[in-house]
Amino acid sequence: MHIKLNGKAHALEGQISVAALVETLGLNVTQVAIERNRDIVPRSRWGEVMLDDADEIEIVKFIGGG
Amino acid sequence: MDYFKVAGKTFHSRLLVGTGKYKNMAETKAAIEASGAEIVTVAIRRIDLAQKGEGSLQDVLPPSKYTYLPNTAGCYTAEEAVRTLRLARELGGWNLVKLEVLAKEMSAYKTLYPDVVETLEAARILVKDGFDVMAYTNDDPITARKLEEIGCVAIMPLGAPIGSGLGIQNPLNIRMIVEQCKVPVLVDAGVGTASDATLAMELGCCGVLMNTALAEAQNPVLMAEAMKHAVIAGRQAFLAGRMQAKNYADASSPQTGLIHKA
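Predicted model, so just to flag it, every value in this text is computed and none were measured. Here, residues in each chain are numbered from 1, in the same order as that chain's written sequence. Chain letters start at A and ligand numbers start at 1, both assigned in the order the entries are written. Two thresholds apply to this predicted model, a pLDDT of at least 70 for residue-level local features and 80 or more for giving and counting side-chain atom pairs, whereas whole-chain, interface and lining totals are computed over all residues. Side-chain metrics rest on all non-hydrogen atoms present in the structure, leaving aside hydrogens and water.

Structural notes on the layout of surface pockets
Here is step 1: Site definitions follow a grid-based scheme: protein atoms alone, a 1 Å grid, a 1.4 Å probe that fits but cannot get out for cavities, and for pockets an open set with protein on both sides within 12 Å along at least five of seven lines, plus lining residues having an atom within 4 Å of a point. Grid points are joined across faces, edges and corners, and a volume is the space filled by probe spheres set on the points. Considered as a void within the structure, the largest pocket measures approximately 490 Å³ in volume.
Here is step 2: Elements with a minimum of two residues in the lining of the largest pocket: strand 5 (56-64) of chain A together with strand 4 (39-46), strand 10 (207-210) and helix 8 (212-215) of chain B.
Here is step 3: Think of it as three bins: nonpolar holds Ala, Val, Leu, Ile, Met, Phe, Trp, Tyr, Cys and Pro, charged holds Asp, Glu, Lys and Arg, and polar takes everything else, Gly as well. Split into classes, the residues belonging to the lining of the largest pocket amount to 14 nonpolar, 10 polar and 5 charged.
Here is step 4: Looking at the second largest pocket, its volume works out to about 340 Å³. Secondary structure elements are defined from DSSP: runs of H or I of at least 4 residues count as helices, runs of E of at least 2 residues count as strands, and each element is numbered from the N terminus.

Structure, rendered in structure tokens:
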């Protein structure tokens, strides 16, 4: 299946959880926030929220800014 | 000890600094340490999946040491700003945010001025949603009053266009805003050098927020230290209460007891 990850098509081998996606991408779990189809997925729910085909996922972090 | 309170939290440094535009993370860290700032603004962006392993901002500026003030730079509508700050809240677990909704530039003559209508709309939504909103706005006392009425915890008028370094162009308006507001007023944007920061504080501002003045100085770390002193000096001068300005001279030494007088 395919999701849209930060605006780009991203292939997944099967249905996985948000937590699994974060792990696959090798991200620091404490330093990212996630939106799924425009709704925030709280960190506490990453394990239970499963991704669906065509989901639009945004993963953001803090960067330098004024 | 002089301090100020915003959203129930006490801060001793009245200099707030941005974390953008520095050459690298090492310079960011050194300049911000030298500034003595306790609150630092940060932006929220998509992670770059192609650039794994780059040092994160949190590694360089630990959130245990600095209060992160997430901004909405790059947002042109209330909706974009609210969406960004909800992500920021999830990211940092902290309600204090800097709202800035700028108008889309239609020409090369960039002002980066706030879109007041969108800013007010975003402020209403965010306050209702439990955010503590520090609102970047223009130097208009009426907009400042409206933002305060909505429930913003700080009003942050611009001294001059963002990144211009022109200093405070309208001290009259900054003073009006300071006098009418019950919440802290901070000059945000336009500061170029130390005297600009001092002037902001002499006008009675509660603090100053800057980024480019440090990052684009020839020596950002030295300028950060200068700004730290400038803010303290301006604050102390404000508290001390300046002498009355006069149009003519008034000698400092006594006019009596002179040897050549009878």
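The structure having been displayed, the exposition proceeds.
Here we look at the packing of aromatic side chains
Here is step 1: A pair of aromatic rings is counted whenever rings of Phe, Tyr or Trp (Trp by its six-membered ring) have centres within 6.5 Å, and the orientation is called stacked for planes under 30 degrees apart, edge-to-face for over 60 and tilted otherwise. Under the defined criterion, the tally for this structure stands at 2 aromatic pairs over all chains.
Here is step 2: Residues Phe62 of chain A and Tyr68 of chain B carry aromatic rings whose centres are separated by 5.4 Å and whose planes lie at 65° to one another, so their mutual orientation is edge-to-face. Within this pair, whereas Phe62 of chain A is found in strand 5, its partner Tyr68 of chain B is found in strand 5 (residues 67-70), the two belonging to separate chains. Neither residue differs from the other here; Phe62 of chain A and Tyr68 of chain B are each classed as buried. Relative accessible area decides the class of each residue, using a 1.4 Å probe on protein chains only: under 20% of the type maximum gives buried, over 50% gives exposed, and in between gives partly exposed.

Things to note about the sheet that holds strand 7 (residues 132-137) of chain B
Residues and elements named next belong to chain B.
Here is step 1: Read from one edge of the open sheet, 3 strands run 6-7-8, paired in parallel fashion. Each edge of the open sheet carries a strand with a single partner, namely strand 6 (96-99) and strand 8 (154-157). If you compare each strand with its neighbour and ignore which way they point, the axes differ by 20° on average.
Here is step 2: Whether two strands pair comes down to DSSP finding at least two bridges between them. Both strand 7 and strand 8 contribute to a ladder of 4 bridges, which runs parallel. The residue of strand 8 that forms the bridge with Tyr136 is Met156. Orientation is described by axes fitted as lines to C-alpha atoms, over the contacting stretch for helices, and by angles from 0 to 180 degrees between their N-to-C directions.

Considerations on the pattern of salt bridges
Here is step 1: The salt bridge criterion pairs a side-chain nitrogen of Lys or Arg with a carboxyl oxygen of Asp or Glu, the two atoms within 4 Å. Tallied over the full model, the rule gives 18 salt bridges over all chains.
Here is step 2: One salt bridge connects Glu27 of chain B with Lys23 of chain B, and the closest N-O pair in it is separated by 2.8 Å.
Here is step 3: The buried category is assigned to Glu27 of chain B, whose relative accessible area is 13%.
Here is step 4: Across the salt bridge formed by Glu33 of chain B and Lys65 of chain B, the nearest N and O atoms sit 3.6 Å from each other. Here the residue Glu33 of chain B occupies a position in helix 1 (residues 25-35), and Lys65 of chain B occupies one in the loop between helix 2 (57-60) and strand 5, the gap between them amounting to 32 residues.
Here is step 5: You can call Glu33 of chain B partly exposed: its relative accessible area is 40%.
Here is step 6: What emerges from the salt-bridge pattern is a single network uniting Arg36, Asp52 and Asp55 of chain A.

Quick notes on the interface of chain A and chain B
Here is step 1: Contacts between residues were defined by any pair of non-hydrogen atoms, one from each residue, lying within 4.5 Å. Across the contact, 25 residues belong to chain A and 31 residues belong to chain B.
Here is step 2: Buried area between chain A and chain B, summed over both chains or domains, comes out near 2600 Å², and the portion from carbon and sulfur atoms is 57%.
Here is step 3: Once two parts are brought into contact, the accessible area they lose, counted with a 1.4 Å probe and summed over both, makes up the buried area. Contact with chain B buries area across many residues of chain A, yet Lys61, Phe62 and Gly66 of chain A alone supply 30% of it, more than any other trio.
Here is step 4: At the junction of chain A and chain B, the tally comes to 3 salt bridges.
Here is step 5: A salt bridge links Glu79 of chain B to Arg38 of chain A; its shortest N-O distance comes to 3.4 Å.
Here is step 6: As used in this structure description, the phrase polar contact means that two N or O atoms lie within 3.5 Å; if the pair is within protein, one of them must be able to donate a hydrogen and the other to accept it, and residues adjacent in sequence are counted only when both atoms belong to side chains. On the surface where chain A and chain B come into contact, there are 16 residue pairs in polar contact (both at pLDDT 80 or more).
Here is step 7: When residues of the side of chain A that touches chain B are traced back to their parent elements, those giving at least two are strand 3 (33-36) and strand 5 of chain A.
Here is step 8: Here the element with the most residues in the side of chain A that touches chain B is strand 5 of chain A; it accounts for 7 residues.
Here is step 9: A breakdown of the residues in the side of chain A that touches chain B according to their chemical character gives 13 nonpolar, 7 polar and 5 charged.
Here is step 10: Direction of pairing for strand 5 of chain A relative to strand 4 of chain B: antiparallel, over a ladder of 5 bridges. Paired with Ile63 of chain A across the two strands is Ala43 of chain B, which belongs to strand 4 of chain B.

Brief notes about helix 3 (residues 78-92) of chain B
Residue and element names in this part refer to chain B.
Here is step 1: Here helix 3 contains 15 residues, and its C-alpha end-to-end distance of 21 Å stays within 8% of the 21 Å for a straight helix at 1.5 Å per residue.
Here is step 2: Taken residue by residue, helix 3 has Ala78, Ala81, Val82, Thr84, Leu85, Leu87, Ala88, Glu90 and Leu91 as its buried positions.
Here is step 3: Positioned one or two residues after helix 3, Gly93 has a phi angle of 65°, which is positive. In a helix, the anticipated span is given by 1.5 Å times the number of residues less one.

Focus: the state of the cysteines
Residues and elements named next belong to chain B.
Here is step 1: Cysteine sulfur atoms are paired as a disulfide whenever they come within 2.5 Å of each other. A full pass over the atoms with the stated rule returns 0 disulfides over all chains.
Here is step 2: Residue Cys75 stays outside any disulfide, its sulfur separated by 16 Å from that of Cys152, the closest cysteine.
Here is step 3: Between Cys152, a free cysteine, and Cys181, which holds the nearest cysteine sulfur, the sulfur-to-sulfur gap is 9.9 Å.

All we've got here are geometric facts, nothing functional implied.
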